[in-house]
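One letter stands for each residue in the lines below.
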Amino acid sequence: MARIAPLSGFPEWLPGERIVEQHVLDTLRRVFELHGFASIETRSVEPLEQMLRKGEIDKEVYVLRRLHGGEDEIDPSKTLGLHFDLTVPFARYVLENAGKLDFPFRRYQIQRAWRGERPQEGRYREFCQADIDVIGRDELPFHHEVEVARVMAEALSALPLPPLTMQVNSRKLIEGYYLGVGVAPGEPVAGVMRVVDKLDKLERPKVVGMLQDEVGLSAAQAEACVALAGVQADAETLAARVDALGVSHPLLDEGVDELGRVLAGTAAATSDRVRVVADLAIARGLDYYTGTVFETRMQGFEHLGSICSGGRYDALASDGRTTYPGVGISFGVSRALGPLLSRELLTASRSTPTCVLVALPGEDDRNAMGIVADALRLRGIATEVSASAQKYGKQIRYAERRGIPFVWFSQDGGHQVRDIRTGEQQDADLAAWVPPTEDLRPHVTGAVATDS
């Protein structure tokens, strides 16, 4: 039989790794719901035409075709593809269900997505994302831009990840600054944003040259645009750092004010694990962002790029009569966890939810031991009955291999429980015994772990 090889870009976690992922997802759900975000799940497929209308690269979309489909040509208006993110499906969902939703609508969505890009560390063809968005009808007050940043910062602070830096910027600030240095409005400004957004991949002189050659800026304008990208600041220093560049424009002032409010509003959610800073090099490549934008880097894994990104969008969803502006952030669960799991920087205390293994004296006792297990389960204690009636020493070693902390013995009407880590065995009351809280469920351990 031929050896089965894994498919590149389609990760499958082992049970212990899946426990780590579940811990992360449960933590995200808890924080999101504490802030009143409702869970939704959209279908996995969208019309190709809908997915490509905002300029995404069509070769990254997995197209669905029946095995015996008769058409050779792909018609975007009739073809379905697997969604490559959760924002475009959410926009469609809002348009279809607008009459049944209350606005502003607050949603979180934890779901898989697919992209046909080249697999590499932290980048997969199938991956899990966790998004939060607030979307309004015709208008959405600015304070929601502060809110989603604060909620995501709080959620990230609760995760067992290395220290994170959430970098925030304002498209209004960027556009106002570019207008102030004489860049023409419209496509030239958008072109400058796209080029400057490459600074994390290209050297400064290369970007300056591209601004002159591709966008048509003068050398002075190009240098000024790149100078803005070098500003990093906190709420107290942002305005002074921008003023020092000597550029003025009303839209720039508005952007500086709003970005300062984001920094001030997220201060309470920051910690030694997550800090929020203004980084004026952040522009986000997608054209639909119109206000605050976000990117997040993980300490020691900066080569992954941003693991948590998003921003304000004013025209992503519209039915021609009504526009639904929104703001959201997407956390790449698989992108962040994959490198940590592969390096065993995050592990589960055991690879099974089982807390207690009920020892089996003999096969004739299986029903009776099942009743014992049910009594423990009724109190929320994950329990299983031993797979076979081997000698007790072998059953104990089986529990050790799987990390199950306790083995339960029932015989002649009496009960005893053994902590296999210490070897201590004592009498136990089946109706009242409970394990220590830290043993009840698996917990995440490792160099970057937090309490679960």
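We now turn to the structure provided with this report. As a convention, each chain's residues are numbered from 1 in the sequence order in which they are written. Selection of residues for local features in this predicted model requires a pLDDT of at least 70, selection of side-chain atom pairs for listing and counting requires 80 or more, and totals for whole chains, interfaces and linings are taken over all residues. Computation of side-chain values: all heavy atoms of the structure, hydrogens and water removed.

**What to know about the overall build of the chain**
Along the backbone of the chain there are 14 helices and 19 strands. Across its three principal directions, the C-alpha atoms of the chain cover 90 × 60 × 45 Å. For every residue, the accessible area (1.4 Å probe, protein chains only) is compared with the maximum for its type, and the residue is labelled buried under 20%, exposed over 50%, or partly exposed between those bounds. Counting across all 452 residues of the chain, residues that qualify as buried make up 50%. Here the Shrake-Rupley method, with its probe set to 1.4 Å, supplies the accessible areas, and only the displayed protein chains count as covering residues. Of the roughly 21,600 Å² that the chain leaves accessible, carbon and sulfur atoms contribute 49%. Here the chain carries 51 positive and 65 negative side-chain charges, and the mean point of each set is 4 Å from the other. Put simply, DSSP H or I for four residues or longer makes a helix, DSSP E for two residues or longer makes a strand, and each gets a number counted from the N terminus. Residues scored as positive are Lys and Arg, those scored as negative are Asp and Glu, and His as well as the terminal groups of each chain are ignored. Throughout, a charge is located at the NZ atom of Lys, the CZ atom of Arg, the CG atom of Asp or the CD atom of Glu.

**Some points on the environment of Leu-280**
Mapped onto the secondary structure, Leu-280 falls in the loop between strand E9 (274–279) and strand E10 (289–298). Each C-alpha atom, one on Leu-280 and one on Ser-170, is 7.9 Å from the other, the two residues being 110 residues apart in sequence. Contacts: residue pairs with any heavy atoms within 4.5 Å of one another. Other than its neighbours up to four places away in sequence, Leu-280 contacts Asn-169, Leu-173, Leu-228, Ala-229, Val-231, Leu-238, Val-242 and Leu-259.

**With respect to the sheet that holds strand E16 (residues 406–411)**
A sheet is described by the order of its strands in space; here five strands give the open sequence E15-E14-E16-E17-E18, paired in mixed fashion. In this open sheet, the two strands that pair with only one neighbour each are strand E15 (383–385) and strand E18 (425–427). The sheet shows a mean angle of 25° between the axes of neighbouring strands, direction not considered. Strand contacts of helix H12 (residues 366–377): strand E14 (356–358), E15, E16 and strand E17 (414–419), with the helix running at about 175° to E15, the strand carrying the most contacts. Axis lines are fitted through C-alpha atoms, for helices just across the contact stretch, and the angle between N-to-C directions can take any value from 0 to 180 degrees. Contacting E14, E15, E16 and E17, helix H13 (residues 392–402) crosses the sheet at an angle of about 155° to E16. Think of it this way: DSSP has to see at least two bridges between two strands before they count as a pair.

**Section: the sheet that holds strand E8 (residues 232–233)**
Note: strands within a sheet are paired through backbone hydrogen bonds, in either parallel or antiparallel orientation. Pairing is mixed across the open sheet formed by nine strands, whose spatial order is E1-E5-E6-E12-E11-E10-E7-E9-E8. Among the strands making up the open sheet, the edge pair consists of strand E1 (38–39) and E8. As paired elements, strand E11 (residues 308–318) and strand E12 (residues 323–332) share eight bridges and run antiparallel to each other. Bridging across to E12, Gly-311 finds its partner in Gly-328. Where helix H4 (residues 143–157) meets the sheet, it contacts strand E5 (105–114), strand E6 (126–135), strand E7 (164–170), E9, E10, E11 and E12, and its direction lies at approximately 15° from that of E12. Sheet strands touched by helix H10 (residues 250–265): E7, E8, E9 and E10. Its angle to E7, the strand with the most contacts, is close to 155°.

**Description of the packing of H4 against H10**
Contact pair H4 / H10: the axes reach a minimum separation of 9 Å and the direction vectors enclose 35°. Classified by chirality, the crossing of H10 by H4 is right-handed. Residues Val-146, Ala-149 and Arg-150 of H4 lie in contact with H10, whose contacting residues are Arg-261, Val-262 and Gly-265. Any residue that is not Ala, Val, Leu, Ile, Met, Phe, Trp, Tyr, Cys, Pro, Asp, Glu, Lys or Arg is counted as polar, Gly included; the first ten are nonpolar and the last four charged. By residue class, the composition of the contact of H4 with H10 is three nonpolar, one polar and two charged. Take the far helix as the reference: if the near one is turned anticlockwise from it by less than a right angle, the crossing is left-handed, and if turned clockwise, right-handed.

**Describing the side chain of Arg-350**
If you trace the backbone, Arg-350 turns up in the loop between strand E13 (347–348) and E14. The salt bridge definition used is simple: a Lys or Arg side-chain nitrogen within 4 Å of an Asp or Glu carboxyl oxygen. No salt bridge is formed by the buried Arg-350; its nearest oppositely charged neighbour, Asp-439, is found at 5.3 Å. For the purposes of these results, a polar contact is taken to be a pair of N or O atoms within 3.5 Å, where, inside protein, one atom must be able to donate a hydrogen and its partner to accept one; residues adjacent in sequence count only when each atom of the pair is a side-chain atom. A polar contact of 3.1 Å, which involves the side chain of Arg-350, links it to the backbone oxygen of Thr-352. A polar side-chain atom of Arg-350 sits 3.3 Å from the main-chain carbonyl oxygen of Pro-353.

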